[in-house]
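Geometric and topological summary
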Amino acid sequence: MNGKTFELGDVVEMKKQHPCGTNEWKIIRMGADVRIKCEGCQHSVMIPRREFEKKMKKTLKTAQSAPGE
Ligand SMILES: [Zn+2]
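Owing to the predicted nature of the structure, the values given are computational and were not obtained by experimental measurement.

Okay, the overall build of the protein chain next. The helix and strand tally for the protein chain stands at 1 helix and 5 strands. Mapped from its N terminus to its C terminus, the protein chain presents α and β elements in the order β-β-β-β-α-β. Counting over 69 residues, the protein chain shows a buried share of 17%. Put simply, of all contacts in the protein chain between residues at least 6 apart along the chain, 34% involve residues at least 24 apart.

See below:
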């Protein structure tokens, strides 16, 4: 454990916020690449997992604590 654990459905904060002003991203796909969706404007981006790990700051909500999402 290195404090940067994440899984599908988690909402994470990135080091840089999206230009729309929101800094909450939901993980909507995980693989060699991670697809995250901005919770503010629903824009989604796909980034290599290694890069995602570098750019994410912390997990805001885990999938388990937000059932029904
Ligand atoms: Zn956005």
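A word on the nonpolar core. One broad trend across soluble globular proteins is that nonpolar side chains are buried collectively. If you look at the biggest cluster of nonpolar residues, it comprises 10 residues: Phe6, Val11, Val12, Trp25, Ile27, Val34, Ile36, Cys38, Phe52 and Met56. Going through the elements one at a time, strand S1 (11-14), strand S2 (25-30) and strand S3 (33-38) are the ones with two or more residues in this core. By residue number, the principal contributor to this core is S3, which donates 3 residues. If sequence neighbours within four positions are ignored, Phe6 has contacts with Val12, Ile27 and Thr59.

This part is about the sheet that holds S3. Overall, antiparallel pairing links the 5 strands, which are arranged S4-S3-S2-S1-S5 in an open sheet. The open sheet has two edge strands, strand S4 (44-48) and strand S5 (56-61), and neither has a second partner. Mean inter-strand twist for the sheet, computed between neighbouring axes without regard to direction, equals 40°. Of the strand pairs in this sheet, S2 and S3 are connected by 5 bridges, and their pairing is antiparallel. Looking at S3, one finds that Met30 is bridged to Val34.

This brings us to the pairing of S3. Only one face of S3 is buried: it carries Val34, Ile36 and Cys38, and the other face, with Asp33, Arg35 and Lys37, is open. Pairing between S3 and S4: 5 bridges, direction antiparallel. If you follow Ile36 over to S4, its bridge partner there is Val45. In sequence, S3 turns back onto S4 through a hairpin of 5 residues, with Gln42 there showing a positive phi of about 65°.

Criteria and cut-off values
- Residues numbered from 1 in each chain as written.
- Predicted model: local features only at pLDDT ≥ 70, side-chain atom pairs only at ≥ 80, totals over all residues.
- Helix = DSSP H or I, 4+ residues; strand = E, 2+ residues; numbered from the N terminus.
- Buried ≥ 20, exposed ≤ 12 C-beta atoms within 10 Å, placed from the backbone.
- Contact = placed C-beta atoms within 7 Å.
- Core = buried A, V, L, I, M, F, W, Y, C linked by C-beta atoms within 7 Å.
- Pairing = 2+ DSSP bridges.
- Axes fitted to C-alpha atoms, helices over the stretch in contact; angles between N-to-C directions.

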